[in-house]
Amino acid sequence: MTVRELKKRETWRLVHGTALRLMTERGFDAVSVDDIVAAAGISRRTFFNYFAGKESVVFDPDPGDPELWDRLLAERPAGEPLWISLRELLLGYTTATAERMILQRQVRAASPELAGCSREVADRFWDAIRAWAPSNLSDFQLDLTINAARTVLNTACPHWAPDDGITGLHALIRAGFDTLDWTTDESRTPVRS
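Calculation rules
Residues numbered from 1 in each chain as written. Predicted model: local features only at pLDDT ≥ 70, side-chain atom pairs only at ≥ 80, totals over all residues. Heavy atoms only, no water. UniProt positions renumbered as here; feature names shortened; annotations may be inferred. Helix = DSSP H or I, 4+ residues; strand = E, 2+ residues; numbered from the N terminus. Phe/Tyr/Trp six-rings, centres within 6.5 Å; stacked < 30°, edge-to-face > 60°. Buried < 20%, exposed > 50% of the residue type's maximum accessible area, 1.4 Å probe, protein only. Lys NZ or Arg CZ within 6 Å of the ring centre and 35° of its normal. Salt bridge = Lys/Arg side-chain N within 4 Å of Asp/Glu carboxyl O.

The protein chain carries the name HTH tetR-type domain-containing protein in an unreviewed UniProt entry, which gives Winogradskya humida as its organism.

Next up, the structure:
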């Protein structure tokens, strides 16, 4: 990674962290882009080089996430049932991003206007999983399995109290996967080769 790429990541994380801290303290609506840039010590132009707006600063994935996803995907053993792999990928990702996820959840909790936000937090994460998943599945089977895993995460997050820490989210994710677990029927279990 070049020095320039490292500087970009550092700036992104500075702005992101500053914005989340301010929004956690004051609420989403009470924080302006001007407040964020002043607290981060950057210009408005720099802010908009990294983020499309306030919603983006809350929900955009970290620029280092693709490397994290690659590492998590590479750690999954061949032959592991896809459903188990998806659960472990979500647990690994949420562990690695625990601090950010807790802050995002606190901002959402303090800002009712974000509760109905329909924006997908990590479309690229799911795209990476889709590209990695077994090719012996039909598109329908693959989409159904991945969308079921997404539903577990999307259902667990609003029920998660950030004060419970990331272990509280993990308990909900595990419960969701257990509720939808079809791996007990070996004839229906997709396996990654």
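So that's the structure; there's more coming.
S.K.: Would you explain the UniProt feature "DNA-binding region" (unreviewed entry) in the protein chain in this entry?
M.R.: Per the UniProt record, "DNA-binding region" (unreviewed entry) is found at residues 32–51. Taken end to end, residues 32–51 is 75% helix and 0% strand, and its two terminal C-alpha atoms sit 13 Å from one another.

S.K.: Sorry, what's going on with the packing of aromatic side chains here?
M.R.: Counted according to the given criterion, the structure contains 8 aromatic pairs. Ring centres 5.6 Å apart and planes at 40° place the aromatic pair Phe47 and Phe51 in the tilted group. When its relative accessible area of 0% is taken as the criterion, Phe47 is described as buried. Phe51 gets classed as buried once you look at its relative accessible area, which sits at 1%. Among the aromatic residues, those joined into a cluster by ring pairs are Trp12, Phe47, Phe48 and Phe51. A cation over an aromatic ring shows up here: Lys54 above the ring of Phe28, its NZ or CZ 4.3 Å from the ring centre.

S.K.: Just to check I follow, could you spell out the pattern of salt bridges for this structure?
M.R.: Once their charged atoms are close, side chains differing in charge can pair, the charge on each being opposite to the other. On inspection of all chains with the given rule, the structure shows 11 salt bridges. Arg100 is paired through a salt bridge with Asp65; the nearest N and O atoms lie 2.9 Å apart. Highlighted residues: Arg100 in helix 7 (residues 98–110) and Asp65 in helix 5 (residues 65–75), separated in sequence by 35 residues. Among the salt bridges present, the one from Glu80 reaches Arg76, with a minimum N-O distance of 2.8 Å. For Arg76, a relative accessible area of 17% corresponds to the buried category.

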